[in-house]
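Observations on the model geometry
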Amino acid sequence: MTGNPPAARLTRAELLREIGLSPLWQLRPQLTVAVTRQVTPARPPAESISEEREDPARRPPSAPVAAPTASRPEAIARMGWDELRQSVAGCSACALCQGRKQAVLGVGDTSADWLFIGEGPGAEEDARGEPFVGPAGKLLDAMLAAIDLRRGEDVYIANAVKCRPPNNRTPEVAEISACAPYLKRQIALLQPRLIVLLGRAAAHAVLGNAGPLGALRGKPFEYPASECNERRIPVVVTYHPAYLLRTLPDKAKAWEDLCRARALMRMAKASTAAIPVAPPGPLAP
């Protein structure tokens, strides 16, 4: 008996091709992924952190603390005449400084018994730096001469405001308030026996808003005593010379006010002369 020769033994690859499972699936080599590990530095001990924060040598330098400064009225209240002139010359406390040529503090005898206070500088006063130098000033000089006074001799002349108001208008309340510390200091330095207020702005500056000028004339007023003023000072209210130039009939009323002022001055001087002066005591052995 003859048969077929035994079939050759097929390999696995050949067998797979015979049954239609080619091409062969092969296992790919695995990729090696390198993972980088982030290393966190070790935290210093709590004690060292606390010491670093509290180390004074590492703190930024602190800003110096400014010493408290005195207010403007307090500073003016300590000024002498020279400091007062310098302060007024450079003052910018209100808008009047913007239109002035120069500020006008006052003029006259700084140990005077008589103090005359007007409203504010006019054009000529602003140019020359002296109060009452125009037509109103000439009338004031005549008024002084009528009661035996002269500018610069036992007389000091000042204004409620030290800078010229625009178009010579009446000073406003805020402007009078800004200059009030200067006027107050002038009165304290002068220590006059009598104050004569020329016009409503001057009356407002010294007496406050006391009403119309006509209602103030003839009434007794006093500038109060204080730490800066040794005694109460009699005050007389009358018309401003510029007003009298426009209203001639009221010159008679102004003359009445001047006569009253002269009488008050005589009384003030007499009362001072009547104060007895104690004789000197015996010398110590």
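The structure we're discussing is the one just above.
Let me sum up the structure you'll find in this document. Fair warning: this is a prediction, and the values are worked out from it, not measured in the lab. (Residues numbered from 1 in each chain as written. Predicted model: local features only at pLDDT ≥ 70, side-chain atom pairs only at ≥ 80, totals over all residues. Heavy atoms only, no water.)

1. Quick look at the nonpolar core
Note the threshold: Nonpolar cores are built from buried Ala, Val, Leu, Ile, Met, Phe, Trp, Tyr and Cys residues. Side-chain atoms within 4.5 Å join them into one set. For every residue, the accessible area obtained with a 1.4 Å probe (protein chains only) is divided by the maximum for its type, and the residue is called buried under 20%, exposed over 50%, and partly exposed between those limits. In this text, helices come from DSSP runs of H or I with a minimum length of four residues, and strands from runs of E with a minimum of two, each type numbered from the N-terminal end. A contact between two residues is defined here by any heavy atoms of the two lying within 4.5 Å.
Residues Trp114, Leu115, Phe116, Ile117, Tyr156, Ile195 and Leu197 are the most contacted members of the largest nonpolar core, which totals 58 residues. When residues in this core are grouped by element, the largest group, 7 residues, is from helix α7 (residues 173-190). Non-local contacts of isoleucine 117, meaning those with residues more than four positions away in its chain, are made with Ala158, Asn159, Ala160, Leu183, Ile195, Val196, Leu197, Leu198, Ala202 and Val206.

2. Quick notes on the pairing of strand β2 (residues 114-118)
Convention followed: Any two strands between which DSSP finds at least two bridges are classified as paired.
Among the 5 residues of β2, 5 are classified as buried, and the element is accordingly described as predominantly covered. A two-sided burial pattern is seen for β2, the buried positions comprising Trp114, Phe116 and Gly118 on one face and Leu115 and Ile117 on the other. Sheet analysis places β2 next to strand β3 (residues 155-159), joined by 5 bridges and oriented parallel. Within the sheet, the bridge partner assigned to tryptophan 114 lies in β3 and is valine 155. Both β2 and strand β4 (residues 194-198) contribute to a ladder of 4 bridges, which runs parallel.

3. Some points on the side chain of glutamate 125
Cut-off, in case you're wondering: Polar contacts, as counted here, are pairs of nitrogen or oxygen atoms within 3.5 Å of one another; within protein the pair requires one atom able to donate a hydrogen and one able to accept it, and residues that are adjacent in sequence qualify only if both atoms are side-chain atoms.
Structurally, glutamate 125 can be placed in helix α5 (residues 123-128). At a separation of 3.0 Å, a polar atom in the side chain of glutamate 125 contacts the main-chain amide nitrogen of glycine 122. A polar atom in the side chain of glutamate 125 sits 3.3 Å from the backbone nitrogen of phenylalanine 132. Not counting residues within four places of it along the chain, the set of residues in contact with glutamate 125 comprises Val104, Glu130, Pro131, Phe132, Val133 and Gly134.

4. Quick word on the layout of surface pockets
Where empty space is left becomes clear once a probe the size of a water molecule has been rolled over the atoms. We count it as follows: Residues are said to line a cavity or pocket when one of their atoms sits within 4 Å of a point; the points come from a 1 Å grid over protein atoms alone, cavities being sets where a 1.4 Å probe fits but cannot get out and pockets being open sets with protein on both sides within 12 Å along at least five of seven lines. Grid points are joined across faces, edges and corners, and a volume is the space filled by probe spheres set on the points. Think of it as three bins: nonpolar holds Ala, Val, Leu, Ile, Met, Phe, Trp, Tyr, Cys and Pro, charged holds Asp, Glu, Lys and Arg, and polar takes everything else, Gly as well.
Roughly 560 Å³ of internal volume is contained in the largest pocket. Glu119, Gly120, Asn168, His240 and Ala242 are the residues nearest the centre of the largest pocket, which is lined by 26 residues in total. Among the secondary structure elements, those contributing two or more residues to the lining of the largest pocket are α5, α6 (135-146) and α10 (241-246). When its residues are assigned to classes, the lining of the largest pocket shows 12 nonpolar, 8 polar and 6 charged.

5. Section: the sheet that holds strand β5 (residues 221-223)
Selection criterion: Helix axes are fitted only over the stretch in contact, all axes being lines through C-alpha atoms; the angle between N-to-C directions runs from 0 to 180 degrees.
If you trace the 6 strands from one edge of the open sheet to the other, you get β1-β3-β2-β4-β6-β5, paired in mixed fashion. The open sheet terminates on both sides in strands that have one partner only, identified here as β1 (106-108) and β5. The sheet shows a mean angle of 25 degrees between the axes of neighbouring strands, direction not considered.

6. Focus on unusual backbone geometry
Leaving glycine aside, a negative phi is the common case for residues, and trans is the common case for peptide bonds. At phenylalanine 132, a residue that is not glycine, the phi angle is positive and equals roughly 55 degrees. If you trace the backbone, phenylalanine 132 turns up in the loop between α5 and α6. Exposure remark for phenylalanine 132: the relative accessible area of 5% places this residue in the buried category. In the Ramachandran plot, glutamine 191 falls in the positive-phi region, its phi being about 50 degrees despite a non-glycine side chain.

7. Digging into the pattern of salt bridges
Where charged atoms of side chains with opposite charge meet at close range, the side chains can pair. For clarity, the cut-off: Take a side-chain nitrogen of Lys or Arg and a carboxyl oxygen of Asp or Glu: if they are within 4 Å of each other, that pair is a salt bridge.
If you walk through the whole model with that rule in mind, you get 12 salt bridges. Measuring nitrogen to oxygen at the nearest pair gives 3.9 Å for the salt bridge that ties glutamate 172 to arginine 169. The class for glutamate 172 is partly exposed, based on a relative accessible area of 44%. A cluster of three or more residues bridged by salt bridges with shared partners is formed by Asp113, Arg193 and Lys269.

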